[in-house]
Amino acid sequence: MNKTAVRVAIFLSVPIVVAYATLMIMQTLFSSPADPSDRSVALFEIPRGRTFVQICTDLQDKGLIRRAWIMNVIAGFRKIDRTKIQAGEYELSRSMSPAAILEKLVSGEVLKRSVMIPEGASIWEIGERLEKEGIISKEEFNKGLSDRQLLVEAGIQGNSFEG
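Cut-offs and rules
Throughout this description, residue numbers start from 1 for each chain and increase along the sequence as written. Where totals are concerned, whole chains, interfaces and linings use all residues; where local detail is concerned, this predicted model gives features only for residues with pLDDT of at least 70, and gives and counts side-chain atom pairs only at 80 or more. Hydrogens are left out, water is left out, and the side-chain values use all remaining heavy atoms of the structure. Put simply, DSSP marks the helices as runs of H or I at least four residues long and the strands as runs of E at least two long, and each gets a number from the N terminus on. Radius of gyration: C-alpha atoms only; globule rule: 2.2 Å multiplied by the number of residues to the exponent 0.38. Here's how the labels work: a residue is buried when its accessible area is under 20% of the maximum for its type, exposed when over 50%, partly exposed in between, all with a 1.4 Å probe on protein chains only. Only heavy atoms matter for contacts: two residues are in contact if any of them lie within 4.5 Å across the pair. Residues grouped as a nonpolar core are buried Ala, Val, Leu, Ile, Met, Phe, Trp, Tyr and Cys residues, joined through side-chain atoms within 4.5 Å. A score between 0 and 100, pLDDT records how confident the predictor is in each residue. One side-chain nitrogen of Lys or Arg within 4 Å of one carboxyl oxygen of Asp or Glu is enough to make a salt bridge. Ring pairs shown here join Phe, Tyr and Trp side chains whose ring centres sit within 6.5 Å, with only the six-membered ring taken for Trp; geometry is labelled stacked below 30 degrees between planes, edge-to-face above 60, and tilted in between. Only lysine NZ and arginine CZ atoms are considered, and such an atom sits over a ring when it is within 6 Å of the ring centre and within 35 degrees of the ring normal. The angle between two axes is taken between their N-to-C directions and runs from 0 to 180 degrees, where each axis is a line fitted to C-alpha atoms and a helix contributes only its stretch in contact. Note on angle classes: values under 35 degrees are labelled roughly parallel, values over 145 roughly antiparallel, values of 65 to 115 roughly perpendicular, and the remainder oblique. The sense of a crossing depends on the near helix, which, turned anticlockwise from the far helix by less than a right angle, makes the crossing left-handed and, turned clockwise, makes it right-handed. Charged means Asp, Glu, Lys or Arg here, nonpolar means Ala, Val, Leu, Ile, Met, Phe, Trp, Tyr, Cys or Pro, and polar covers whatever is left, Gly included.

Participant: Can you help me understand the overall build of the protein chain in this one?
Facilitator: What the protein chain contains, in helices and strands, is 7 helices and 2 strands. Ordered by position from the N terminus, the helices and strands of the protein chain form the series α-β-α-α-β-α-α-α-α. Rg of the C-alpha trace for the protein chain: 25 Å, well past the compact-globule value of 15 Å for 163 residues, more than 25% over. With the C-alpha coordinates aligned to their principal axes, the bounding extent of the protein chain is approximately 95 × 30 × 20 Å. For the protein chain, buried positions account for 25% of its 163 residues. Looking at the protein chain alone, contacts between residues at least 24 apart form 51% of all its contacts between residues at least 6 apart.

Participant: Sorry, what's going on with the nonpolar core here?
Facilitator: Proteins that are soluble and globular tend to have nonpolar side chains buried together. Core analysis: the largest hydrophobic core is formed by 22 residues, its most contacted members being L59, M71, L92, I101, L102 and L105. Secondary-structure elements contributing two or more residues to this core are β1 (41–46), α2 (52–61), α3 (68–77), β2 (88–93) and α4 (98–107). Broken down by element, the residue count for this core peaks at 5 residues, all from α3. Sequence-distant contacts of I101, defined by excluding residues within four places in its chain, comprise L59, L64, I65, M71, L92, S93 and M96.

Participant: Sorry if this is basic, but what is going on with the confidence of the model for the protein chain here?
Facilitator: Low-pLDDT portions of the prediction should not be read for the details of their coordinates. Averaged over all residues, the pLDDT of the protein chain is 86; the fraction at 70 or higher stands at 94%. Put simply, helix α1 (residues 3–31) is where the protein chain has its lowest mean pLDDT, 73, and α2 is where it has its highest, 96.

Participant: I would appreciate a short explanation of the pattern of salt bridges in the present structure.
Facilitator: Oppositely charged side chains may form a pair once their charged atoms are brought near each other. This structure, assessed with the given rule, holds 7 salt bridges. Between D38 and R94 there is a salt bridge, with the nearest N and O atoms lying 3.9 Å from each other. In this pair, D38 is assigned in the loop between α1 and β1 and R94 in the loop between β2 and α4, connecting sequence segments 56 residues apart. Between R113 and E89 there is a salt bridge; the shortest N-O distance is 2.8 Å. Of this pair, R113 sits in the loop between α4 and α5 (123–132) while E89 sits in strand β2, placing them 24 residues apart in sequence. Using a relative accessible area of 22% as the deciding quantity, one classes E89 as partly exposed. Each of D35, D38 and R94 takes part in salt bridges that share partners, so that together they form one network.

Participant: Got a minute to help me understand the packing of aromatic side chains in this structure?
Facilitator: Within the structure shown, the criterion is met by 0 aromatic pairs. If you follow R82 out to its NZ or CZ, it ends over the ring of F52, 5.8 Å from the centre.

Participant: Could you clarify how one ought to interpret the packing of α3 against α4 in this entry?
Facilitator: The description of two packed helices rests on the angle between their axes and on the distance between the axes. Relative to each other, α3 and α4 sit at 70°, their axes nearing to 10 Å. Taken together, α3 and α4 sit at an angle that is classed as roughly perpendicular. Remark: the crossing between α3 and α4 carries right-handed chirality. Two secondary-structure elements touch here, α3 through I70, M71, I74 and A75 and α4 through P98, A99, I101 and L102. In terms of residue class, the contact of α3 with α4 is made up of 8 nonpolar, no polar and no charged.

Participant: Please clarify how the packing of α2 against α3 should be interpreted in this entry.
Facilitator: For the pair α2 and α3, the least separation of the axes is 8 Å and the interaxial angle reads 135°. For the element pair α2 / α3, the angle class is oblique. For the pair α2 and α3, the sense of crossing is right-handed. For the pair α2 and α3, contact is made by F52, C56, T57, L59 and Q60 and by A68, M71, N72 and A75, respectively.

Okay, here's the thing in structure tokens:
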């Protein structure tokens with residue numbers, strides 16, 4: 001092989017190798033879970049009013065994704081409305097890809113819990129039961145009973161949820 005042919009081969013192969021390496025790195029970044037072997041379920045709570053960037057940072061801080069900015073890029077490529085993520089508790093896993101986590105958050109598939117409230121229980125007993133089930137503290141529940149904004153959202157004209 002002459003020198004010109006070697007130069008042409010190198011000239012053509014370098015961009016191909018660089019493109020392949022870039023593709024492999026991007027695939028690893030965008031589709032690899034934080035820990036493929038950790039299938040344990042992690043509860044992830046999104047408080048009301050949290051922005052998409054804050055949610056992504058929280059996911060990274062809890063070890064559910066490797067890099068927060070990747071979620072933003074995936075959302076952009078998929079044209080996902082970042083404001084459609086609902087507040088609530090989600091069951092996620094470190095073995096989920098960033099795209100799978102994003103799909104779950106956008107779907108609004110929040111964790112739903114069942115609590116049996118005995119007939120005739122007072123509103124205060126309900127607060128105690130919810131605290132015992134680990135859903136909300138009795139104090140937060142009691143505070144919410146007379147929260148004017150919650151009452152308006154629920155369409156209640158009175159001063160409390162009781163009655």
